[in-house]
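Examination of the molecular architecture
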Amino acid sequence: MTLRLTALAALLATALPALADEINVYSHRQPELIQPLVDAFTAETGIAVNVAFIDKGMAERLVAEGDRSPADLVLTVDIARLMQIVEADVTQPVTSPVLDAAIPATLRDPAGHWFGLTTRARIVYASKDRVADGEVTSYEDLADPKWKGRICTRSGLSDYNVALTAAMITHHGEEATQTWLEGLKANLARKPEGGDRDQVKAIAAGECDIAIGNTYYIGQMLADPEQAPAAETVRILFPVFEGDGTHVNISGVAMTKSAPNHDAALKFMEWLASDEAQKIYAETNNEYPAKPGVERSALVAGWGDFTQDSKSLAEIAGFRPAAVKLVETVDFDG
Ligand SMILES: [Fe+2]
């Protein structure tokens, strides 16, 4: 009997699926941002990570591939893109005490469909010459007439600005947010155009004094000899929602519904939340580690400390449709 049980146990042990030796990642992020992570993970675990860079149509592709999709994980940026794949029903919830312990609740889906890995703050680029210390205080204050003709920004319908407007709704409701958008629009130096980097260039050119943008673009521009002179004319100031903190968005990860290599993929997800991976990932794009306490790069640390807004991205994401509607209602880009 004992012998039989032992034999059965041995049989079961061999029948248990071993951890897959490779996983497949669909990445919306550029390969050079992902490669250092992949290399470190493979060196530690022996699990190969095949990365397919997918610039557009992530959700559509996963829907079209359905159960036959080779993808285990999706890496992307912005809550808007994460919501797109969740709403397309191509993700699965992940339960992981490791991820829950590492990633703050405000930066992950309560249901486990997405997890933030790095954060970027949506802040103010301010002219070093024309804007005094302490002149920029809150997001609400950007609607004050004292800024008339002095603000630049990209389209109000860009994912980054929609998230900021959605965050404003979580704090003040739709009516007050509409008033805020109207005030902000009235203060613009020019119609919204370009990306965040173009706003830095506009400040350098004297077209405006402050602009709304993401932190990491300054790092990217400083590293580019052609754009560095413009970036040198601005500094980063961290506005807050009155009584709360600075708006952040995330780059994140989600597990696909089909995930053929579920366990190995989960191992990679959990590893991405480790101190080592957090440091590598945040540093490659001048972002902030999502996990509290992990060291920031010297450049990013040099921008100064700030308090993250306390509203959860899941709650903010719920107000995205309302935010889009308000931006259209006030004809923000018009
Ligand atoms: Fe960006």
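Reading the values: rules and limits
Residues numbered from 1 in each chain as written. Predicted model: local features only at pLDDT ≥ 70, side-chain atom pairs only at ≥ 80, totals over all residues. Heavy atoms only, no water. Disulfide = S-S within 2.5 Å. Helix = DSSP H or I, 4+ residues; strand = E, 2+ residues; numbered from the N terminus. Buried < 20%, exposed > 50% of the residue type's maximum accessible area, 1.4 Å probe, protein only. Domains from an automatic or database assignment. Contact = heavy atoms within 4.5 Å. Buried area = accessible area lost by both parts, 1.4 Å probe. Salt bridge = Lys/Arg side-chain N within 4 Å of Asp/Glu carboxyl O. Lys, Arg positive; Asp, Glu negative; His and termini not counted. Polar contact = N/O pair within 3.5 Å; in protein donor to acceptor, adjacent residues only side chain to side chain.

Enumeration over the complete set of coordinates arrives at 1 disulfide. Note on cysteine connectivity: C152 is disulfide-linked to C208, with sulfurs 2.1 Å apart. Taking the torsion about the S-S bond as the criterion, the C152 to C208 disulfide, at about -105°, is left-handed. Of the two residues, C152 is situated in strand β6 (residues 151-152) and C208 in the loop between α7 (196-204) and β7 (210-214); the sequence distance between them amounts to 56 residues. As far as the burial class goes, C152 and C208 line up, both buried.

Interface size is commonly expressed as the accessible area that is lost once the parts come together. When cut into domains, the protein chain gives domain 1 (19-119 + 249-301) and domain 2 (120-247 + 308-329). The distance between the C-alpha centroids of domain 1 and domain 2 comes to 27 Å. Facing the 21 residues of domain 1 at the interface are 20 residues of domain 2. When domain 1 packs against domain 2, close to 1600 Å² is buried across both sides, 60% of that on carbon and sulfur atoms. Taken together, the connections running from domain 1 to domain 2 amount to 1 salt bridge. Note that E287 and R120 form a salt bridge whose closest N and O atoms lie 2.7 Å from each other.

Relative to the helices and strands, D78 resides in the loop between β3 (73-77) and α4 (79-87). Although D78 is buried, it forms no salt bridge, and the closest oppositely charged side chain is R320 at an N-O distance of 5.0 Å. Polar contacts involving the side chain of D78 include one to the side chain of N249, which spans 3.0 Å. What D78 contacts, discounting residues up to four positions off in sequence, is D159, Y160, N249 and I250.

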